[in-house]
Amino acid sequence: MALITLRQLLDHAGEHGYGMPAFNITNLETLQSVMEAADKTNSPVLLQASRTARIYMDDIFLKHMFMAAVERYPHLPICLHLDHGNELGTCMSAMEMGFSSVMMDGSLEADAKTPSEYDYNVSETASVVEVAHARGISVEGELGVLGSLETGMGEKEDGHGFDGMLERNKLLTDPTEAMDFVAQTGVDALAVACGTSHGAYKFSRRPNGDILAMDVIEKIHAKLPDTHLVMHGASGVPQYLQDLINAHGGDMPQTFGVPLEEIERGIKSGVRKINIDTDIRMAMSGSMREFLQENRSSFDIRAILKPGRKRVVDLCIERNERFGCAGQAEKIKPLSLTQMAERYTAGILRTKAA
Ligand code: G3H
Ligand code: 13P
Ligand code: ZN
């Protein structure tokens with residue numbers, strides 16, 4: 001079994017200077033596609049499921065699908081990560097069903113809508129870290145609220161995220177506060193706010209430094225060179241997928257995502273985990289639209305889903321190659337959760353202030 005923790009995977013990525021795409025899984029086809037791309041590029045795999053995805057798929061189906069990926073590809077290190085856990089209970093249930101890593105997103109309160117106070121974020125995150133590290137499981141925390149630097153609006157996507165205006169400083173992680181947050185919580189990875197947001201509508205123009213603050217990432221990295229940084233809302237929203245959707249009955253207004261070059265720049269400054277969901281959804285749904293429009297009498301769901309699987313594989317291959325994780329799988333020997341727990345206890349993996 002090649003289950004790996006986020007901490008071990010990102011430590012390897014940090015040591016060798018590459019980034020890990022964290023792909024959100026929504027159903028069997030998205031999982032199969034991500035795995036096929038990893039297999040073709042000999043990449044380690046970072047699979048993540050949101051709370052909404054857990055509900056959609058059902059925890060038991062999801063658990064066995066994840067374990068099927070581990071069994072089907074025993075040569076690939078695979079990390080199973082909970083995306084945007086909202087409270088300790090959600091993180092605990094993920095740990096109990098076999099996730100090797102959890103995110104405690106304390107930047108919002110447990111309702112996943114209200115921006116939280118700093119002290120709340122620290123204490124909720126620290127309690128998840130305590131429970132998780134005792135089991136060898138990794139924890140990602142988040143500091144700063146995701147939202148648009150163009151409009152000042154927080155982002156609300158599928159019921160997750162703040163819906164309203166925020167001051168610019170709330171939409172950007174403060175580097176000094178980040179140091180304190182990591183020291184007090186002991187998180188293994190830190191998600192930062194730098195102008196990205198979830199979903200397709202991130203920017204109304206190709207982003208420059210005013211609206212995608214890569215300099216903030218560089219400042220955080222300068223203060224926390226050993227902390228693995230995470231970019232949420234990191235889909236590229238490629239033009240070819242917008243065109244595919246719109247050419248086949250869709251009606252997506254022109255939009256811009258995070259250019260791959262900006263992510264490559266981030267990887268040079270400590271970004272190790274790059275969250276991608278929207279691009280997968282667009283590749284899959286655009287392909288389904290195209291197939292259905294071109295095959296109007298078809299109702300074979302395998303035929304309808306197959307072209308999307310191919311497009312998601314191609315997209316994931318490109319991300320694996322551009323972020324540098326292609327070719328790394330065989331270089332990693334996953335440690336068990338027990339071994340990781342021993343390392344936390346021994347203080348070898350300490351990120352928390354002494
Ligand atoms: O956190 C945002 C991800 O894209 C997950 O979205 O909650 O609709 O699965 P979701
Ligand atoms: P995108 O919506 O840009 O794909 O971001 C996904 C994400 O951050 C999941 O946590
Ligand atoms: Zn996210």
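Quick note: structure is the one above.
Basis of the calculations
Residues numbered from 1 in each chain as written. Chains lettered and ligands numbered in written order. Predicted model: local features only at pLDDT ≥ 70, side-chain atom pairs only at ≥ 80, totals over all residues. Heavy atoms only, no water. Helix = DSSP H or I, 4+ residues; strand = E, 2+ residues; numbered from the N terminus. Buried < 20%, exposed > 50% of the residue type's maximum accessible area, 1.4 Å probe, protein only. Areas by Shrake-Rupley, 256 points an atom, 1.4 Å probe, with all protein chains shown as cover. Lys, Arg positive; Asp, Glu negative; His and termini not counted. Charge placed at Lys NZ, Arg CZ, Asp CG, Glu CD. Polar contact = N/O pair within 3.5 Å; in protein donor to acceptor, adjacent residues only side chain to side chain. Contact = heavy atoms within 4.5 Å. Donors = N, O, S within 2.8 Å, 3.2 Å for Na, K, Ca; no water. Disulfide = S-S within 2.5 Å. Pairing = 2+ DSSP bridges. Axes fitted to C-alpha atoms, helices over the stretch in contact; angles between N-to-C directions. Near = heavy atom within 4 Å. Nonpolar A, V, L, I, M, F, W, Y, C, P; charged D, E, K, R; others polar. Core = buried A, V, L, I, M, F, W, Y, C linked by side-chain atoms within 4.5 Å. Phe/Tyr/Trp six-rings, centres within 6.5 Å; stacked < 30°, edge-to-face > 60°.

A. Spatial organisation of the overall build of the chain. Helix and strand counts for the chain stand at 13 helices and eight strands. Once the C-alpha set of the chain is aligned to its principal axes, its extents read approximately 65 × 45 × 35 Å. The buried share of the chain, taken over its 354 residues, is 57%. Summing over all exposed atoms, the chain offers an accessible surface of approximately 14700 Å²; the carbon and sulfur share of this is 53%. Positive and negative side-chain charges of the chain, numbering 35 and 49 respectively, have mean locations separated by a distance of 4 Å.

B. Region of the structure containing the side chain of threonine 30. Take threonine 30: it is sitting in helix α2 (residues 28–41). You can call threonine 30 buried: its relative accessible area is 4%. A polar atom in the side chain of threonine 30 sits 3.0 Å from the backbone nitrogen of threonine 26. With near-sequence residues (within four places) excluded, threonine 30 lies in contact with Ile25, Ile280 and Met284.

C. Layout of the coordination of the zinc ion (ligand 3). Taken together, His84 (NE2), His198 (NE2) and His232 (ND1) make up the protein donors of the zinc ion (ligand 3), found 2.0 Å from the metal. Sequence spacing among the residues donating to the zinc ion (ligand 3) works out to H-x113-H-x33-H. Of the two residues, histidine 84 is situated in strand β3 (residues 78–85) and histidine 232 in the loop between β7 (228–231) and α9 (239–247); the sequence distance between them amounts to 148 residues. This pair shows no difference in class: histidine 84 is buried, exactly as histidine 232 is.

D. Representation of the state of the cysteines within the structure. On inspection of all chains with the given rule, the structure shows zero disulfides. Cysteine 325 carries a free sulfur, and the closest cysteine sulfur to it, the one in cysteine 316, is 10.0 Å from it.

E. Focus on the sheet that holds strand β8 (residues 271–276). Pairing in this closed barrel of eight strands is parallel, and the strands run β1-β2-β3-β4-β5-β6-β7-β8 around the ring. Each strand of the sheet is rotated relative to its neighbour by a mean of 25°, with strand direction disregarded. As paired elements, strand β2 (residues 45–50) and β3 share six bridges and run parallel to each other. Within the sheet, the bridge partner assigned to leucine 46 lies in β3 and is cysteine 79. In the packing of helix α10 (residues 260–267) onto the sheet, contacts are made with β7 and β8, and the angle to β8 comes to roughly 150°.

F. Summary view of the site of ligand 2. By nearness alone, 14 residues border ligand 2, and Asp83, Lys202, Ser235, Asp277 and Thr278 come closest of all. At 3.2 Å from an oxygen atom of ligand 2 is found a main-chain nitrogen or oxygen belonging to alanine 234. Measuring from an oxygen atom of ligand 2, one finds a backbone N or O atom of aspartate 277 at 2.6 Å. Of all the elements in the fold, those that place two or more residues in the shell around ligand 2 are β3 and β8. Each residue belonging to the shell around ligand 2 can be placed in one class, and the counts come to two nonpolar, nine polar and three charged.

G. Structural context of the nonpolar core. Core analysis: the largest hydrophobic core is formed by 87 residues, its most contacted members being Met35, Leu47, Phe66, Ile78, Phe99, Leu190 and Met231. Of all the elements, helix α12 (residues 301–323) adds the most residues to this core, at seven residues. If we ignore the near neighbours within four places in the chain, the residues touching isoleucine 78 are Ala2, Leu3, Ile4, Met35, Val45, Leu47, Ala69, Val70 and Tyr73.

H. Geometry of the packing of aromatic side chains. Enumeration over the complete set of coordinates arrives at two aromatic pairs. When the ring of phenylalanine 66 is compared with that of phenylalanine 99, the centres are 5.8 Å apart and the planes differ by 80°; the resulting orientation is edge-to-face. Note that phenylalanine 66 is positioned in helix α4 (residues 59–72) and phenylalanine 99 in the loop between α5 (88–96) and β4 (101–104), a separation of 33 residues in sequence. Classification of phenylalanine 99 as buried rests on a relative accessible area of 2%. Consider the rings of tyrosine 118 and phenylalanine 181, whose centres lie 6.4 Å apart with planes at 55°: the pair is tilted. Of the two residues, tyrosine 118 is situated in helix α6 (residues 118–134) and phenylalanine 181 in helix α7 (residues 175–185); the sequence distance between them amounts to 63 residues.

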